[in-house]
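So the chains spell out like this:
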Amino acid sequence: KRICVQTLKYPKLVDDLVYMISRIKERTNIPVSACLNPLDKKSLKRLKVAGLGGVGVGLDCASEKIFKKMKPSFKWNDYIKFLNDVTDVFGSGSAHLIAGLGETDEEIIKMFQKIVDINCYPALFAFTPVKGINIDYPQPGIERYRAIQLARYLIVNNMARYEDMVFENGKLSSINILSSVLEDVLKNGKPFQTSGCPDCNRPFYNEKPGGIMYNYPYPLKKDEMKNVKDELKRYLRI
Ligand code: SF4
């Protein structure tokens, strides 16, 4: 349903992408997205003309302080400007955020709201320690991750705002929302599926085939939904 090109930063990137997207578009109408580091607006417009339909931005960090620590060779302000440029050119965009980089619930949830308020869409992933990286954090607890997924879903779908979330020392403790609305949301299980551009499922991006499933790449089954609710209740007053 969607081709997403993951990119690195190098001098001829835009030329290569324009060529690649044009060739894809000669053969198929499948939407093409690209996950990009900041580019200038002119390049974004070239990519759009070539057939690029959407852009994901690897903001990754929930705050400037964490960004400086995790991505020292990039600048926070360049990413925020780029997100705004993506919105100007494409109408919207996805901003990837990773939970588990030392942020509080409040910081990441506030960032969801800021991203939604500029008409972009936060795509949420769990930090996954892999061999060779120099970050000494564990994966986030699944109970905490479920609460953050729920908050993201409510904000993205305008069912609640950051201001409706109750925090205790930065930890999400409850959400001011009608219980009937919450029940409906929990019935459909969508908050716990992979988030991002339409139809993005990035299977096994932050989980092993044997579990734990941080992001489900498919609609949840009944027993999975029950587990998710139990996980949520261990973290949140709902
Ligand atoms: S959200 Fe998915 S489809 Fe969109 S840019 Fe990110 S990985 Fe690609």
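For the structure itself, look to the data block above.
All of the points below concern the structure found in this document. (Residues numbered from 1 in each chain as written. Predicted model: local features only at pLDDT ≥ 70, side-chain atom pairs only at ≥ 80, totals over all residues. Heavy atoms only, no water.)

Looking only at helices and strands, the protein has eight helices and seven strands in total. Along the first, second and third principal axes, the C-alpha atoms of the protein reach 50 × 35 × 35 Å. Looking at the protein as a whole, 51% of its 238 residues are labelled buried. Across the protein, every contact between residues at least 6 apart in sequence was considered, and the portion connecting residues at least 24 apart equals 68%. (Helix = DSSP H or I, 4+ residues; strand = E, 2+ residues; numbered from the N terminus. Buried < 20%, exposed > 50% of the residue type's maximum accessible area, 1.4 Å probe, protein only. Contact = heavy atoms within 4.5 Å.)

Of all hydrophobic cores here, the largest spans 75 residues; its most connected members are Leu36 and Ile109. Considering every element that reaches this core, the biggest residue donor is helix α6 (residues 142–156), with ten residues. Dropping the residues within four chain positions of it, Ile109 is found in contact with Ala151, Ile155, Tyr162, Met165, Phe167 and Leu172. (Core = buried A, V, L, I, M, F, W, Y, C linked by side-chain atoms within 4.5 Å.)

Under the definition given, this model contains seven aromatic pairs. Taking 5.2 Å as the distance between ring centres and 65 degrees as the angle between the ring planes, the aromatic pair formed by Phe67 and Tyr79 counts as edge-to-face. With Phe67 in helix α3 (residues 64–70) and Tyr79 in helix α4 (residues 76–90), the pair connects residues that are twelve residues apart, well separated along the chain. Taken as a pair, Phe67 and Tyr79 share a single burial class, namely buried. Chaining the aromatic ring pairs together yields one cluster made of Phe67, Phe74, Trp76 and Tyr79. Above the plane of the ring of Phe74 lies Lys71, whose end atom (NZ or CZ) is 5.8 Å from the centre. A cation over an aromatic ring shows up here: Arg152 above the ring of Tyr121, its NZ or CZ 5.6 Å from the ring centre. (Phe/Tyr/Trp six-rings, centres within 6.5 Å; stacked < 30°, edge-to-face > 60°. Lys NZ or Arg CZ within 6 Å of the ring centre and 35° of its normal.)

Of the consecutive residues Gly211 and Ile212, the connecting peptide bond is found in the cis state with omega at 0 degrees. The phi torsion at Asn158 lies on the positive side, around 55 degrees, for a residue other than glycine. When you line up the elements, Asn158 lands in the loop between α6 and β6 (165–168).

A word on helix α5 (residues 105–117). For α5, spanning 13 residues, the distance from its first C-alpha to its last is 18 Å, which sits close to the expected 18 Å at 1.5 Å a residue. Within the sequence span of α5, burial applies to Asp105, Ile108, Ile109, Met111, Phe112, Gln113, Ile115 and Val116. Downstream of α5 by one or two residues, Asn119 has phi in the positive range, about 70 degrees. (Expected span 1.5 Å × (residues − 1).)

According to the stated counting rule, one finds 15 salt bridges in the structure shown. With its nearest N and O atoms 2.9 Å apart, the salt bridge here joins Asp230 to Lys226. Highlighted residues: Asp230 and Lys226, both in helix α8 (residues 222–233), separated by four residues, approximately one helical turn. Among the residues examined, Asp230 registers a relative accessible area of 29% and is labelled partly exposed. Taking the relative accessible area as the measure of exposure, Lys226 reaches 51% and is therefore exposed. (Salt bridge = Lys/Arg side-chain N within 4 Å of Asp/Glu carboxyl O.)

In total, this model carries zero disulfides according to the counting rule given. Cys4 provides the cysteine sulfur closest to Cys35, a residue in no disulfide bond, and the two sulfurs are 5.9 Å apart. (Disulfide = S-S within 2.5 Å.)

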